[in-house]
Amino acid sequence: MIRQLRKRFITTAMTAVVLVMAFIVIVMNTVNYLNTTRETSLVMEILTANEGEFPEELNPWDDDFDPGKHVYPGKPGERDPEEWRRLSPEAPYQSRYFSVWFEEDGSVETKMNRIAAITSEEASAMARELLDQGKTSGYTGDYRYARMTEEKDVGYVFLDCRIQLNSLKSFFITSLAVFAAALLGIYFLVVVFSKRALAPVEQSYAKQKQFITNAGHELKTPLAVIRSCTDVAEMELGENKWLSGIREQTDRMASLTNDLVALARMDEQADSLEKTDTDMTALVKDVWEPFEVLAEKEGHTLKLQIEENVRAKVHTPSIRQLCSILADNAVKYTRKGGEITLALSSKGKTIRISSENPAEGFDKGDQDVLFDRFYRKDADRNSATGGSGIGLSLARSITEAHGGTIKAHSDGEILRIEANI
C-alpha cells in the first residue's frame, strides 16, 4: 500500500509540475512569437504603404510623428504613434527586403538594392508563383510577403525574416531543452524526497498492521476458550438459543480475526510473494466447484465459465483465496433464485477472474466503495450472512500484490466484480 501511495504521490506531483511548466513554456514562446510578429508586421505595413521601400522622411521616434502623413500619405493613421515607436530605430538599416512589380504592359520590375541573398530572376519567379496562386500575404520560405497595388500595377514586397525565424526556433528548442532538464531534475528530487515525506505514514501504517497481527493472535486464545466453554455448557445444560448465539458470534468473531490477520499479512508480503507457474484452470475448478452445492442450498443457480489450459505465474494460496472470496461473496449476496456466473479467461499475459450475480440496491456505474475495509451495503443483510466487509478488501490487496486491478460495476440489476492479473 505504501508503495502504491508513493507512486500516486510522485505521479500527482509530477503531473502538477508538468502542467505548470508546460504552461510557462507555451506562454513564453507565444509572447516571443507575438512580439516578433508585431515588429515584422510594422515593417511590412511601412513597406506596403510606400511601394516596397522605407521612405527617407519616416521617423516614428520623432515627437510629431503622424502615421497619416508618414506611413499612409493622405490616409488616416491605422495605428497609434506609440505603437509605431515599439519599432527599433535601426529597423530601416537592419531590414533586408526586396519588391517585384508586374506592370500593366507586362514588364516586370525588381528592386533588389536591399537584399543580397537572392537574384532578380529568383525574386521574379517567387512573386510570379504567388501572383498565379492569388496569394496576398503570408510566408514563403524565410520571407514574409504582402501584395501591393498601384493603379493597375501589382507588386509583392518580401521581407527577409531569416534572423527572426531562427531566433524563434532557437528559443523554442532551448525552452524545450530546459523544460526536459528541469523535469528530470524535479523528478529525481520528488522521488528522493517522497520517501522522506511519506516516512511518518509508512511508520504509522506499519504499526497499524503490526497491531492487527498481534491483536489477531491474542484474540485467538480467548475465542478458543469461549468456544470450548460453550461446548461444555451445552453438554451439561443441553442446546438452547443463548448458547447457540454465543457460538455463532464466537465463530463470526474468529472469522473476522482471521480475515484481518490475512489482510495485514497480505499487505506486508505484497513485495515478496513467491510466485510459481500455476495451472489456473485446475485451481479455479478446484475452488469453485464446491460452491455449486452451496449455491443450490441457497436456491441459486451457479454457472461456471472456465477457459481451458490457462496458466499464469501467481502466488497460488492467495489466488485460491481470491477465487474463494469472489464465489462466496456472490453466493451470499445474490437474491433468492438468482443466477451466478463465475468466469476465468485469459488475454495475452493477463488473466481475468470475475463474478456476476443479481444484486439489488446498487446505482448504475462503478462500485469501488465495495473494496473499502468494513464497508457494508446492508448491515442487516451482512449480519444474516456473516459478512464483515473484509473479504473484498482482501481481494483487492491480493490483486494489487500481483500487479493487477480489480473493479466492481453495476448496471442496476447485475453486479460484476472483475479482477485482472
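These lines cover the structure that appears in this document, whether it is placed above or below. Here the structure is a predicted model, which is why all the values come from computation and not from measurement. (Residues numbered from 1 in each chain as written. Predicted model: local features only at pLDDT ≥ 70, side-chain atom pairs only at ≥ 80, totals over all residues. Heavy atoms only, no water.)

With that out of the way, let us pick up the side chain of Asn 29. Relative to the helices and strands, Asn 29 is located in helix 1 (residues 2-49). The buried category is assigned to Asn 29, whose relative accessible area is 13%. (Helix = DSSP H or I, 4+ residues; strand = E, 2+ residues; numbered from the N terminus. Buried < 20%, exposed > 50% of the residue type's maximum accessible area, 1.4 Å probe, protein only.)

Turning our eyes to something else, we now look at the pattern of salt bridges. Within the structure shown, the criterion is met by 11 salt bridges. A salt bridge links Asp 160 to Arg 162, with the nearest nitrogen and oxygen atoms 2.9 Å apart. Taking relative accessible area as the criterion, Asp 160 reaches 13% and is therefore assigned buried. When the shortest N-O distance is used, the salt bridge between Lys 285 and Glu 308 registers 3.0 Å. A residue pair is termed long-range when its members are at least 10 positions apart, and Lys 285 in helix 9 (residues 280-288) and Glu 308 in the loop between strand 7 (301-306) and strand 8 (311-314) qualify at 23 residues. A residue is classified by how much of its surface remains accessible, and Lys 285, at 26% relative accessible area, is partly exposed. Look at Glu 308 and you get partly exposed, because its relative accessible area is 47%. (Salt bridge = Lys/Arg side-chain N within 4 Å of Asp/Glu carboxyl O.)

Okay, a negative patch on the surface next. Together, Glu 51, Glu 53, Glu 150 and Glu 151 line one region of the surface with negative charge. Checked against the element boundaries, Glu 150 lands in strand 4 (residues 143-150). (Patch = residues over 30% accessible without salt bridge, like charges linked within 9 Å, V, L, I, M, F, W, Y side chains within 5 Å. Areas by Shrake-Rupley, 256 points an atom, 1.4 Å probe, with all protein chains shown as cover. Lys, Arg positive; Asp, Glu negative; His and termini not counted. Charge placed at Lys NZ, Arg CZ, Asp CG, Glu CD.)

Moving on, we get to the sheet that holds strand 4. As summarised here, the arrangement of the 5 strands in space is 2-1-5-4-3, forming an open sheet in which the pairing is antiparallel. The open sheet has two edge strands, strand 2 (108-111) and strand 3 (137-140), and neither has a second partner. Averaged over neighbouring strand pairs, the angle between their axes works out to 25 degrees when direction is ignored. Where strand 4 and strand 5 (residues 153-160) come together, 8 bridges link them in antiparallel fashion. Looking across to strand 5, one finds that Tyr 143 is bridged to Asp 160. Strands in contact with helix 5 (residues 120-133) are strand 1 (97-102), strand 2, strand 3, strand 4 and strand 5; relative to strand 1, the strand with the most contacts, it is inclined by about 60 degrees. (Pairing = 2+ DSSP bridges. Axes fitted to C-alpha atoms, helices over the stretch in contact; angles between N-to-C directions. Contact = heavy atoms within 4.5 Å.)

Our focus in this paragraph is the sheet that holds strand 10 (residues 350-358). Taken in spatial order, the 6 strands make up an open sheet running 7-9-10-13-12-11, and their pairing is mixed. This sheet does not close on itself; its edge strands, each paired only once, are strand 7 and strand 11 (365-366). When strand 11 meets strand 12 (residues 405-410), the two strands line up antiparallel, connected through 2 bridges. The residue bridging Asp 366 from the neighbouring strand is His 409, located in strand 12. Here helix 11 (residues 316-332) sits on the sheet and contacts strand 9 (339-347), strand 10 and strand 13 (414-420); the angle it forms with strand 10, its principal contact strand, is near 15 degrees. Of the strands in this sheet, strand 12 and strand 13 touch helix 13 (residues 391-401), which is tilted by about 140 degrees from strand 12.

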